[in-house]
Amino acid sequence: MARAQFQKGQKVWVECVGAWAQIEKVQPVWAKGFEEPVRVTYDVGLGREFLSNELLLPTEDPAANTGETWRLMRARNKWQTADDCPHHPFPGTYPVVVTDQADWGGWRVPGAEYDRDPDQIEFQARLIAAAPRLMALAERLAASVDEAPDDAPPEMQMLAREARSVLKSVTDVLAAPSDVVAAPLRESRAA
């Protein structure tokens, strides 16, 4: 007896072909005297039918979790030695925020920009590296106030509203960034 492992329209990896495909038809093979199909094949539009053991489901990307840890590393400055830039906080190096499990991928600045204001760039690097933890903190703050909004003091309710607003500007991809940034700027200029 066989049961369908996949459904029509589902995205699958066809192992023997090495390509992604979409299930176009689920084709059960019936035999007389059996209540269930004896075999199920799948038409994915690649010229032949495939059995379920030839197809794989996509898995969730582990890099997409919110428990990311970004870290601050130092890279050697190729264009300036430590003697050329004694005014830098860490002469001969510049900050790199690594957002990948391997030690590459993430945020860097051009050397000329770093040399213009190294203290500001160092601050930005520390802030960016802390961003996932700060986002998790804002989410926990908003969630704790949402659990018992009547019991939360007014200050906590205001902080939770502000945290939700900031989180929305990060997570809501439909909001135009210029609208989100322009509103606080107008309010601060009016004050």
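Residues numbered from 1 in each chain as written. Predicted model: local features only at pLDDT ≥ 70, side-chain atom pairs only at ≥ 80, totals over all residues. Heavy atoms only, no water.

Trainee: So what exactly am I meant to see when it comes to the packing of helix α2 (residues 118-147) against helix α3 (residues 154-171) here?
Mentor: Helix-helix packing is described using two parameters, namely the angle between the two axes and the distance between the axes. Between α2 and α3, the least distance of the axes is 9 Å, while the angle of their chain directions is 130°. In terms of axis orientation, α2 runs oblique to α3. Between α2 and α3 the crossing geometry is left-handed. Where α2 approaches α3, its residues M135, A138, E139, L141, A142, V145 and D146 are matched on the opposing element by M156, Q157, L159, A160, A163, R164, L167, V170 and T171. (Axes fitted to C-alpha atoms, helices over the stretch in contact; angles between N-to-C directions. Helix = DSSP H or I, 4+ residues; strand = E, 2+ residues; numbered from the N terminus. Parallel < 35°, antiparallel > 145°, perpendicular 65-115°, else oblique. Left-handed = near helix turned anticlockwise from the far one by under 90°. Contact = heavy atoms within 4.5 Å.)

Trainee: Can you help me understand the packing of aromatic side chains in this one?
Mentor: Given two aromatic rings, one states the distance between the centres and the angle between the planes to describe the pair. Under the defined criterion, the tally for this structure stands at two aromatic pairs. Taking the centre distance of 5.3 Å and the plane angle of 80° together, the rings of F6 and Y42 count as edge-to-face. Of this pair, F6 sits in the segment before β1 (11-14) while Y42 is found in strand β4 (residues 39-43), placing the two residues 36 residues apart along the sequence. Ring geometry for W13 versus W20: centroids 5.2 Å apart, planes at 70°, classification edge-to-face. On the accessibility criterion, W13 (25% relative accessible area) is partly exposed. What makes W20 partly exposed here is its relative accessible area of 45%. (Phe/Tyr/Trp six-rings, centres within 6.5 Å; stacked < 30°, edge-to-face > 60°. Buried < 20%, exposed > 50% of the residue type's maximum accessible area, 1.4 Å probe, protein only.)

Trainee: Honestly, the side chain of N77 in this entry has me stumped. Any pointers?
Mentor: Tracing the sequence through the fold places N77 in the loop between β7 (71-76) and β8 (93-98). Those residues in contact with N77, other than ones at most four positions away along the chain, are G92, T93 and Y94.

Trainee: Help me out: how do you make sense of the environment of P28 in this one?
Mentor: By the element assignment, P28 lies in strand β3 (residues 25-29). For P28, a relative accessible area of 38% gives the class partly exposed. For the pair P28 and Y42, spaced 14 residues apart in sequence, the C-alpha separation works out to 8.5 Å. When near neighbours in sequence (up to four residues on either side) are disregarded, P28 contacts P37, R39 and V40.

Trainee: Mind showing me how you'd approach the sheet that holds β8 here?
Mentor: Hydrogen bonds between backbone groups are what pair the strands of a sheet, and the pairing can be parallel or antiparallel. Judged by pairing direction, the sheet is antiparallel, and its three strands sit side by side in the order β7-β8-β9 without closing on themselves. Looking at strand neighbours, the two that pair on one side only are β7 and β9 (106-107), the edges of this open sheet. Packing of α2 onto the sheet brings it into contact with β7, β8 and β9, and relative to β8 it is tilted by some 20°. (Pairing = 2+ DSSP bridges.)

Trainee: What's the story with the sheet that holds β4 in this structure? I'm lost.
Mentor: The strand order across the open sheet built from three strands is β3-β4-β5, with neighbouring strands paired in antiparallel fashion. Looking at strand neighbours, the two that pair on one side only are β3 and β5 (49-51), the edges of this open sheet. Within this sheet the neighbouring strands show an average axis-to-axis angle of 35°, counted without direction. Two strands pair when backbone bridges link them, and β4 and β5 are joined in this way by three bridges, in the antiparallel orientation. Across the sheet, residue Y42 finds its bridge partner in β5, namely F50.

These values are about where atoms sit, not about what they do.
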